[in-house]
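Overview (structure and organization)
Single-letter residue listing:
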Amino acid sequence: MSMLRFSSLCYSLRGLPLTVNPIVSVTRCPCCLTLVEVSATGRTGKWLVLKRNYSSIIPQKKTEEEQKCEAARLLKVLEARKWQLLTEALEPEPFSAKHDSRAALTERERGMEPRVFTSDKTVGDKRPGVPNIPKLATDKNVSKSTSPASRWMEKLKKETSITHKRQMKAAHKSKSWSSDNHDSNRMTGNFPKDFRWADAETDLAGNSRQSTDSPKIEKIPNKKAANHFKMDMKTERTVRPLAAVQHSVYSSSRTNSSKSGQAAETTDVEFEECSDETTCAKGAEVDKQLNQWHPTETMKVLADVDSQLNDMQLSILAYLEACLYIEDVDRAQDCLMFYHHNVNRRKLLNIKIYNTLMHFWSKKRDSLKQISNLFFLVEEAGLKPNLNSYAAALECMGRTDAVSQQVVKRCLQQLKEDGFRVDALFQQCIFRKDEREMVLAAIQKVHTDYHPPSMLTCEPCTSPLVKEFYTKRKSVMNPKMDFELRELLKNFNRQLEIEQEGTVTINSVEADKIPTPHIIKMRKILQELRSKWQKVLLRVFREYKFSMGNMNQHSGKISLYPYFSLLPDREYIEIMLQSLTSIPPNGESLLVMAREIGTKINNKYCIRKKVKTQMVNKIMTIYSSYAKLLTDSIELNNFLPREYWTNLEAEMSSGPSLINEDSPWPSVLVVHLGTHLLDLMVKELKVPCNILNPEMEEKRIPVLYHMYTFRCNQQVGFIKPHPILTQILAEAVEPTLTFDVYVMPMLCPPVPWTSPHFGGYILSPAKLMRSVEGAIQHQLLLENCRSSDLYAVLDALNQLGNCAWKINQPVLDIIVSIFNDKGNESLDIPPPLSEAPEIPKFSPKQNYSLLDKSQLKRAITQCRKKTAEMHSLRMDTLYKLSIANHMRDSIFWFPHNMDFRGRTYPCPPHFNHLGNDVTRAMLLFAIGKPLGKHGLNWLKIHLVNLTGLKKRHSLKQRLEYANEIIDDILDSADNPLTGRKWWMNSDEPWQTLACCMEIANALRSPDPAKCVSYFPVHQDGSCNGLQHYAALGRDVIGAKSVNLMPSELPQDVYSGVAMQVEEFRKQDAERGVKIAQVLDGFICRKVVKQTVMTVVYGVTRFGGRLQIEKRLREIDNFPKEYVWDASKYLVQQVFSSLKEMFTGTREIQDWLTESARLIAKSGRTVEWLTPLGLPVIQPYHRIRRTSLKSTMQHLSLQVTHDVSMKPDTVKQKNAFPPNFIHSLDSTHMMLTVLHCCRAGLTFASVHDCFWTHAITVDTMNKICREQFVALHNQPVLQNLSKFMVQKYSPDLPPHPKSKKFMEFQRMLELFSKVPQTGEFDLEKVKESTYFFS
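Model, not experiment: these values are computed from the prediction.

**Notes on the overall build of the protein**
On a plain count of helices and strands, the protein comes out with 48 helices and 25 strands. The buried share of the protein, taken over its 1333 residues, is 57%. Of the contacts made within the protein by residues no fewer than 6 positions apart, 77% connect residues no fewer than 24 positions apart.

If you want it as C-alpha cells, here you go:
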C-alpha cells in the first residue's frame, strides 16, 4: 500500500480543528537534501519526514526502453563496485586512489557535491535527469593496472553482452511493474513508483497545515558507510549494495527526476533477477575464499528481521516501550528518528518498532497527523504495514469524533488492498485497555451493523493419539476441591495481591531459635546499617538518574535512563539490598549478580505493565466463573480447563486482550542494568571497620569489593563481601527471608494455559516453554504452529498444575529440628558453616618444602571448596524448609511449564515435588481418598520400594516383607529420632519415614479401607529410556531386560549389565589382565547403575568413566591407586555389554546420531515433531561472544543460541538421541495425565515416575500401559523420517555434480533408511506387571 494514498484518504475530513496555512514555503535542507516545511515563524515541524529518495520536480518523459537500458548500465556499475569491494576484502592493498564510495557518501552527508572520478577515456552520461555515472571500460580503455577493480572489470566485461541482451529482452516483455515487483521493492527498501510527495507537509486528510507548536527536530549526522556489503543471492530478502544505496538515496533527489528514482528501482529488481548465472559462481568462490557461512533459507525464516528480533532490534523495541511507559514520547521519537535517518541504521527497524509509537499516538485525540507521519516513515523504510498498524490508525479515528465516514472507508479499503481482512483485526491483534472498542467504533462509522467475529474457535485436534480423546467423550471428571467457591476466590484475591507486590517476605525456620543477647545485638547493628545504606543509595541513585537523564537527551541514542524510571526509586534500592544479603561469603560472579538484578527489574516492570493495561479486572471477572469448574459444579464436567476459560474469554470479548506479548529484554540489557546498580553499591556502601571491635580506629571501608579470579583458566569478575558483613549476617541469623513471587507456590489454581502467551501465574511473567535466556526460536515455533496442535500439550500442563498440595507437618517439624541442630549429612540435612573444616594456615616460622607448600595449597583449596558447597546446600535447604513452613497451613498449587523437548517442570524453582528426598517427604495431596480394598497393600509395597531392598523380588514378596517388619515400621512412625531408627537406613529415608506414618495411621484406624489417605504412591518406569528404545526397535531381548514383557519376577537391567560385565572380567582375569584381577569382588549393581541409566541419554565414555570412578571411590576397601585404571576398564565393558544386550537400541541411536550430524553439517539445526504435534528444535549453535563495556569491567557474554551462527555439529549429533527419547517419554506422560484426569484420578509426575492415591494405583497402571502401547503403535520412526525428508529436501543444491549435492543426497538417503525392527509384540506391555512398578 502506498502510504501517501493512505494519507490522502483524509481529504474528506472536514470537522477537525486544523490550522491551515494557505501559503507554505518549502526549502531544501543543505545537509540532507530533505524537503522541509517552514512556517511563518521559521520553525520546522516536529515530525521530519525524509523525502530525499524522491524529487518534487516533474521528470522528463523517457521511453520504457531507455529506462531499461539505463538500468542495465547502472547494473554493470553496481556489479563492478560490488566485486571491487569483495576483492579489497580478499587482497587488501594500500589505498591510493581514494575513490571509494565512502568518500562520496560522506560528502553528500555534508551537503557537498560528490566528486565523480573518471578515467581519461570514461565519460559520464550528460543527459538531463540522469546521474553522472561512469561507463564501463571497453577493450580500448581498459587500464593496464593490476588493481583488484581492474581484474574484476575484465571478468565482468566478458559477460556484458549476455547481461545486456537479458535486460533488453526483459524491457520488451514488461510494460509495467507487476504486484510481485512492487512487493520486491518493499523488501529491498525501495518505494512504489506511484508514491508522490506533496510540496508541503500534509496531515492525514491531505490538507496543508502549518506547524506552529512543534519543536524542531535536530538533524543527526550520518555515520560513514560500511566498507563491505553482504548479499545472499538465494535469500528472499536482499541486503542492497552500497553503490545501489548511494544512488537510490541521493542521486534521485539531485537529478530532479522521479523517473530516475524509478530507474533505480528497476536496477535493483533486475540486479536481483539476473544475478543467478553471472554472479552466483563468483559469489560462491568469494565466500569459499573468505570461509564465510550463510544460513540456509529455512534458517532465514527464524533469522528474518521481520519475524525474529535480534539483540539490537530487541534493544530498540525495549527502549521505545520503556520511554512510552514513562510518557517520555520525545525521547522515543528522537530514538526512532536517530535510526531512521541513517540508511544503514534503518535496516535495524521493523514494523513492530514503528507500531509501538503508532499505538502510543492512537491513545491521544486528534493525533492523526502523527500516525500519518509514521506511515510515511514506514513506507520510506521499505516496510509494509501490518494489521497492528491499521488497528492503531482505526483506533485513533475511533477516538476522534470529527472523522468523517469517507476517511474510515478509505482506510478499510486500503486494508483490504493490502491483503488483510477486517475480521482479522479482532482475531489477531492484541488490544490494551479500550483499544478494541475504539477500533470497532471507527468501523461502525461506516458499517453500522458490523459485529466482530466470535473469538471462540472450534478447530479440532488432529493428532491421531488424542483425536478420539477430544471427539468421543461423555464427561470429563475433573478432580474437585474440598473447599467452597467462596474460599477459592478468597485465595485468588490473596494471590493477586502478592503478585502485585512482586515479592513475598516469610519467616525463616532459623527464627525458631530463641535469640541470644548477641543475636539481638547483631540484628540491631544490621538494621541500622541497612537504614543508612538505604538513604545513601536512594540519594546517589536519584543523582545518577538525574545526570543520566540530562546526558544526550535529544541525541536519540539508547541510554539506561528510561529503565531506571520504570519503577519507584525505592524499589530499585530494595532490589539492591536484597542482592546484598544473598551474596555467599566467598563472593559471587559479577555476571551472575548483574543478571539477577536486571531480571528482577524486568519482572516487576512486566507486572506493572499488566496492571496498567487493565488486564487485572478482566482476569478477576473470568476467574470468578472459572473457579466453578474446579469445585462441585457437575454440569461443567464436559469442559477441560482450557476450553472453559476460552469460552468465558470469548463471552467477555470487550476490554484488553489477555495474551501476553511483552517484548523480551536482551540479555545484554539485563546485564547492563545490573552492572550499573552493582557499581553504585560497590562505590557507595560503607561500614565502620570498628563496628565489631570498638577499640579499633574508626574508619569507613567498602562493604563490597570488585576483584578478579580465575575459573577454567579464564579471568572472571567477582563481587566479594567484606568479612565484617559476612560475620554480621551469619551471627544476626535473620528472622525473615524475601523471595520473588514466582519462587513461591500459588495460593489458588493457576490460570490455565490457553496459548503460548497466556497461562501460569496471574501477573508474574512465565514462559510456556522454558529455554536459554535470550533464545526465542522455540517461541517462534510455537506461534507458527496451529493452535489445535498444542491442545493436548496445554491440557496436560493445566491438569498437572491443578493438582493441589499440602504440607506433611509432622515430617516438616522433624526435619526442621534436625536442621536447627547442626544438621545431618547422612540424612541429607546440610550442617551450618560453623561445622565447616578449618582452613589450614601458613606459618611463617616453619620451613616448607615445595611438596609441603603444594599440599598446603591443595588442602586450603579443598577446604574453601567444601565451605562454599556447605553454604550453598545450607541455603538451599533453608529456602525449602522456610517456604514449606510458610505454607504449612495452606493448600497450594504448582503452575507447570515445559522445556524445549516437552518435559514438564513446576515453575517454582526451590520447593516442588521434583526436589530431593527431603522435599518430596514434606508433600501430600490436598485431596484425600479412602484407601479402599487394596490401598493399604500399595502403601506397604511403596514403602519397600523406597528402601531399595527388594528390587529383584515380586510384588507379593515385597508385601510379605513389609508385613514381617511391621514392628520397625510402627516404631519409626512413633519414635523417629529416639527409637530403633530403621527408616534411616533406607535409600530414601525421609519418604520412608512419611510412608511409615501413613501406614501407622491406616493400621490404627477402625477400618483401614475407609481411612482417608493423602499420601502419593509412586510407580516408576524400569529404565524408561531403554524401554522406549526397545519399543521403537521391537527388540525382544531388550524388551525383556526392561520389563516390557510379562514375567513373574522383575528384570533388573542394571543387575543384568553388572553380571555381563563380571563375565567379561573373569575372562580377562584368566588371561592375566591385572586390573581385571584387582576388580574381583567389586563389580556390583551400584557401580554400573548410573552409567547404564545415562547411556541412553547420551553419556559418553568419558562421562561414564567419571561416574564409575565416583562409585569406586565410595567403596572403602577398594585400592585408590587403581581407581582411574579400573573406571576406564569398566566403562568399556559396560558399553560392550549394552551393545550385546540392546542391538536394536544401538542401531536406532546410531541412525539418529548420524542424521543429526549430517543435518548440522549442512548448516541446519535438528528439528522434529513429537507424536502429539509439539515442534522441537535443538538450540545448539556455535558460540557468539558479545562484549559489554560496563562501568566496572568489560564483560564477555557467550551466546550459544544465535540462529545466525553455524550449528554446533558435536552438540547437535550427541544431543539428538537423548532429546528425541525425552520427547517420547514426555509424550507418554502427557497422554497418561490426560486420560487419568478424565477418569477422575489425582495425578502428578516426575518425568517417568507417576504419582497418584493408593486406591487408584491399579487404574493409573492400566492407563499408563495402554497409552505406552498407543504411542508406539504409531509409526514414530517412519514419521520422523518423513518429516526430515520434507524438512531438509528443499535445500538440495541445484548442481548434481557438486560436492554439496552429494552430501545432501547422502543425507536424504540416510533419512529414508529407517532401522529395521524386531518381532516384539507391543500388546504384551499391557500384561507386564513390572513395566511401571
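Now that the structure has been shown, we can carry on.
**Description of helix H20 (residues 485-501)**
Taking 1.5 Å as the rise per residue, H20 with 17 residues should run 24 Å; its terminal C-alpha atoms sit 25 Å apart, in good agreement. All of the buried residues along H20 are Leu488, Asn491, Phe492, Gln495, Leu496 and Glu499. Looking straight down H20, one finds that the buried residues subtend no more than 145° of arc, so they occupy a single side. Turned more than 90 degrees away from the buried face of H20 sit Arg486, Lys490, Glu497 and Glu501, all of them exposed. Those residues of H20 that are buried are in contact with helix H23 (590-612), helix H24 (615-630) and strand S13 (892-893). Note on H20: the residue one or two positions beyond its end, Gly502, has a positive phi of about 95°.

**Notes on the sheet that holds strand S7 (residues 704-711)**
Spatially, the 3 strands line up as an open sheet ordered S4-S8-S7, and their pairing is antiparallel. Here the strands that pair on one side only, and so sit at the sheet edges, are strand S4 (588-589) and S7. The sheet contact formed by S4 and strand S8 (residues 714-721) spans 2 bridges and is antiparallel. When the bridges of S8 are listed, Glu588 appears paired with Ile719.

**Considering the sheet that holds strand S12 (residues 804-807)**
The sheet built from 3 strands is open, its strands ordered S13-S12-S16 with antiparallel pairing. Both edges of this open sheet fall to S13 and strand S16 (923-925), since each of them pairs with a single strand only. Here S12 pairs with S16 via 3 bridges, running antiparallel. Within S16, the residue paired with Lys806 across the bridge is Leu924.

**Focus: the packing of helix H15 (residues 387-399) against helix H16 (residues 405-417)**
At a minimum axis separation of 11 Å, H15 and H16 run at an interaxial angle of 170°. With respect to each other, H15 and H16 are oriented roughly antiparallel. Two secondary-structure elements touch here, H15 through Tyr390, Leu394 and Met397 and H16 through Val407, Val408, Cys411, Leu412, Gln414 and Leu415. Taken together, the residues that form the contact of H15 with H16 break down as 8 nonpolar, 1 polar and no charged.

**Overview of the environment of Arg432**
Among the secondary structure elements, Arg432 is positioned in the loop between helix H17 (422-428) and helix H18 (435-444). Given a relative accessible area of 17%, Arg432 falls into the buried group. Sequence separation of Arg432 and Lys610 is 178 residues, and the distance between their C-alpha atoms is 9.3 Å. Ignoring anything within four residues of it in the chain, the contact list for Arg432 reads Thr613, Pro656, Ser657, Ile659 and Glu661. Among the polar contacts listed, one links the side chain of Arg432 to the backbone oxygen of Ser657, at a separation of 3.1 Å.

**Digging into the pattern of salt bridges**
Within this structure, the stated rule accounts for 41 salt bridges. Between Lys364 and Glu327 there is a salt bridge, with the nearest N and O atoms lying 3.9 Å from each other. Here Lys364, found in the loop between helix H13 (351-362) and helix H14 (368-380), pairs with Glu327, found in the loop between helix H10 (311-325) and helix H11 (329-341); they are 37 residues apart in sequence, far enough to count as distant. Each member of the salt-bridge network shares a partner with another, and the members are Lys363, Glu395, Arg399, Asp434 and Glu435.

**Quick notes on helix H22 (residues 569-581)**
Helical geometry note: an α-helix holds 3.6 residues per turn, so side chains three or four residues apart project in the same direction. Across its 13 residues, H22 extends 19 Å between first and last C-alpha, which sits within 8% of the 18 Å expected from 1.5 Å per residue. Taking burial as the measure, the 13 residues of H22 include 10 buried ones, the bulk of the element. Residues of H22 that are buried: Asp569, Glu571, Tyr572, Ile573, Ile575, Met576, Leu577, Gln578, Ser579 and Leu580.

**Details of the packing of aromatic side chains**
By the definition in use, this model includes 39 aromatic pairs. Summarising the aromatic geometry, the rings of Phe360 and Trp361 are spaced 5.6 Å apart at their centres and angled 75° between planes, so their arrangement reads as edge-to-face. Accessibility classification places Phe360 together with Trp361 in one group, the buried group. In this structure, Lys806 packs its charged tip against the face of Tyr1014, placed 3.5 Å from the ring centre. Its end group placed over the ring of Phe900, Arg901 keeps NZ or CZ at 5.8 Å from the ring centre.

**Topic: the packing of H15 against H18**
Contact geometry for H15 and H18: axes closest at 7 Å, N-to-C directions at 75°. On the basis of the axis angle, H15 is roughly perpendicular to H18. Between H15, through Ala391, Leu394, Glu395, Met397, Gly398 and Arg399, and H18, the contact on the second element is made entirely by Glu435, Met438, Val439, Ala442 and Ile443.

**Some words on the confidence of the model for the protein**
Averaged over all residues, the pLDDT of the protein equals 77, while 75% of them reach at least 70. Looking at the elements of the protein, mean pLDDT is at its lowest for helix H7 (residues 242-254), recorded as 32, and at its highest for S16, recorded as 96. Within the model, the stretch residues 1-62 combines pLDDT values under 50 with 211 contacts to residues more than four positions away or in other chains. Low pLDDT, under 50, characterises residues 86-153; the stretch is placed with 99 contacts to residues that sit more than four places away or in other chains.

**Considerations on the pairing of strand S22 (residues 1184-1189)**
Examined bridge by bridge, S22 and strand S23 (residues 1194-1199) share 6 bridges and lie antiparallel to one another. Following the sheet pairing, Thr1186 is matched in S23 by Leu1197. Adjacent in sequence and paired antiparallel, S22 and S23 are bridged by 4 residues.

**Some points on the environment of Thr1252**
By the element assignment, Thr1252 lies in strand S25 (residues 1249-1252). Put simply, Thr1252 and His1018 are 234 residues apart on the chain and 6.9 Å apart in space, counted from C-alpha to C-alpha. Excluding residues that lie within four positions of it along the chain, Thr1252 makes contacts with Phe925, Phe1015, Pro1016, Val1017, Leu1241, Thr1242, Val1257 and Met1260. A distance of 2.8 Å separates the side chain of Thr1252 from the backbone oxygen of Thr1242, its partner in a polar contact. Within polar-contact distance, the side chain of Thr1252 engages the side chain of Thr1256 at 2.7 Å.

**Here's the deal with the environment of Trp805**
Of note, Trp805 is situated in strand S12. On the basis of relative accessible area, Trp805 is assigned to the buried category, the value being 1%. Between the C-alpha atom of Trp805 and that of Tyr1014, which follows or precedes it by 209 residues, the distance is 9.2 Å. Non-local contacts of Trp805, meaning those with residues more than four positions away in its chain, are made with Ser890, Ile891, Phe892, Phe894, His913, Leu923, Leu924, Phe925, Ala926, Ala1244 and Trp1251.

Calculation notes
- Residues numbered from 1 in each chain as written.
- Predicted model: local features only at pLDDT ≥ 70, side-chain atom pairs only at ≥ 80, totals over all residues.
- Heavy atoms only, no water.
- Helix = DSSP H or I, 4+ residues; strand = E, 2+ residues; numbered from the N terminus.
- Buried < 20%, exposed > 50% of the residue type's maximum accessible area, 1.4 Å probe, protein only.
- Contact = heavy atoms within 4.5 Å.
- Expected span 1.5 Å × (residues − 1).
- Arc of directions from axis to C-beta.
- Pairing = 2+ DSSP bridges.
- Axes fitted to C-alpha atoms, helices over the stretch in contact; angles between N-to-C directions.
- Parallel < 35°, antiparallel > 145°, perpendicular 65-115°, else oblique.
- Nonpolar A, V, L, I, M, F, W, Y, C, P; charged D, E, K, R; others polar.
- Polar contact = N/O pair within 3.5 Å; in protein donor to acceptor, adjacent residues only side chain to side chain.
- Salt bridge = Lys/Arg side-chain N within 4 Å of Asp/Glu carboxyl O.
- Phe/Tyr/Trp six-rings, centres within 6.5 Å; stacked < 30°, edge-to-face > 60°.
- Lys NZ or Arg CZ within 6 Å of the ring centre and 35° of its normal.
- pLDDT = per-residue confidence, 0-100.

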